[in-house]
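The chain contents come next:
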Amino acid sequence: MGSDPHDLPMPETAAGREGLEALLRAPRRSVVALDFDGTLAEIVPDPGRARAHPGAVAALSALAPEVGSVAVVTGRPAGVAVRFGGFAGVPGLEHLVVLGHYGAERWDAVSGIVRAPAEHPGVAALRAELPGFLDTIGAWRGTWIEEKGQALAVHTRRAQDPEAAFEALREPLAGLAARHGLMVEPGRAVLELRPPGMDKGVALTEYLTEVGAQCVVYAGDDLGDLAAFSAVEKLRAGGVPGLLVCSGSAEVPELSARADLTLSGPAEVVAFLAALAAAIGPS
């Protein structure tokens, strides 16, 4: 055992404390899974400029060799998350896994290869139609489209009233997505149109089953992480301990209300990961 585990922030719930204690007892049989944006990286007006917190790679490379596995579970394309995170070729992260596009894509550090499905035909059709659709409904001003390869996202953070723009777009975009066999995933001032069938809960459950995890820590910040929270809660009901961490709470109270531990944002998440590595690593 490494440094004093009392240096770690204490979860507020009994289930969370049980999850943390289980990880400290048997780290090699545990998985630490994390969202990217808002959890390892700050939310920024232009997602193309998002980068992992300056201390994230050091914390992860200290933690990863001490636990069974570290996985980044994100709505971003896997390759983009790897690039923005700076995860490739880092000593200690040889077995990091990035599950991108909610698990539809996968990057393994051991091979450096991204495995991805063929593009859904509805995404190609949507790509052609979406700009004109936003213009037709008068929603172009203040909104913009992010190309995500396997999905498209409409951001409202730059609108004069981001929340009002977000709510006004929910129903029209849901109808547009449905016509193309897609679904809408809401986030923090963003609506992502993507193929159905995968979410962070499915991706996380499948990965935990694959590696035979006996404990899981999951940290996220957004509505898309609710599915992963539900997956961990289901595992806990079946006897697999877990710890749910919310990065920030102001914008997504639905997530913080279900968390065992709430941290203020990526800086505190990184500090938690570093403290976890110190608590279970060699003294």
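Residues numbered from 1 in each chain as written. Predicted model: local features only at pLDDT ≥ 70, side-chain atom pairs only at ≥ 80, totals over all residues. Heavy atoms only, no water.

Visitor: I'm lost on the overall build of the chain in this one. Help?
Guide: Regarding its fold elements, the chain presents nine helices and twelve strands. Since a compact globule built from 283 residues should have a radius of gyration of about 19 Å, the 19 Å found for the chain is in line with a globular shape. Judged by the C-alpha coordinates and their principal axes, the chain covers about 60 × 40 × 35 Å. In the chain, which comprises 283 residues, the share counted as buried stands at 53%. (Helix = DSSP H or I, 4+ residues; strand = E, 2+ residues; numbered from the N terminus. Rg over C-alpha atoms; globule rule 2.2 N^0.38 Å. Buried < 20%, exposed > 50% of the residue type's maximum accessible area, 1.4 Å probe, protein only.)

Visitor: Even after reading the chapter, I still don't get the nonpolar core, so can you show me in this structure?
Guide: In a soluble, globular protein the nonpolar side chains are often hidden away together inside. Formed by 45 residues in total, the largest nonpolar core has its most connected members in Val32, Leu34, Leu40, Phe87, Val98, Leu273 and Leu276. A per-element tally of this core places helix 9 (residues 266-280) first, with eight residues. Apart from the residues lying within four places of it in its own chain, the contact partners of Val32 are Leu23, Leu63, Val67, Ser69, Val70, Ala71, Val217, Leu273 and Leu276. Counting residues in each nonpolar core, the second largest holds 23 residues, with Ala71, Val216, Val232 and Leu244 among its members. (Core = buried A, V, L, I, M, F, W, Y, C linked by side-chain atoms within 4.5 Å. Contact = heavy atoms within 4.5 Å.)

Visitor: For this particular structure, what's the right way to read the pairing of strand 3 (residues 97-100)?
Guide: Residues of strand 3 alternate between two faces, with Val97 and Leu99 on one and Val98 and Gly100 on the opposite face, all of them buried. Two strands pair when backbone bridges link them, and strand 2 (residues 69-73) and strand 3 are joined in this way by three bridges, in the parallel orientation. Of the residues in strand 3, the one forming a bridge with Ala71 is Val97. As for the winding sense of the linkage, the β-α-β connection from strand 2 through helix 3 (residues 78-85) to strand 3 is right-handed. (Pairing = 2+ DSSP bridges. Right-handed = clockwise from strand over helix to strand, strands pointing away.)

Visitor: What's the story with the packing of aromatic side chains in this structure? I'm lost.
Guide: Centre distance and the angle of the planes are the two values used to describe a pair of aromatic rings. Following the criterion strictly, the structure yields two aromatic pairs and no others. Here Phe36 and Phe87 contribute two aromatic rings whose centre-to-centre distance is 6.3 Å and whose plane-to-plane angle is 90 degrees, an arrangement assigned as edge-to-face. One end of the pair, Phe36, is in the loop between strand 1 (30-34) and helix 2 (56-63); the other, Phe87, is in the loop between helix 3 and strand 3, and 51 residues separate them in sequence. The same class applies to Phe36 and to Phe87, which are both buried. Aromatic side chains Tyr218 and Phe229 sit 6.2 Å apart centroid to centroid with 90 degrees between the ring planes, which places their arrangement in the edge-to-face category. One end of the pair, Tyr218, is in strand 10 (residues 215-220); the other, Phe229, is in helix 7 (residues 226-237), and eleven residues separate them in sequence. Each member of the pair, Tyr218 as well as Phe229, is classed as buried. Across the ring face of Phe84, the terminal group of Arg51 is positioned such that the distance to the ring centre comes to 4.1 Å. (Phe/Tyr/Trp six-rings, centres within 6.5 Å; stacked < 30°, edge-to-face > 60°. Lys NZ or Arg CZ within 6 Å of the ring centre and 35° of its normal.)

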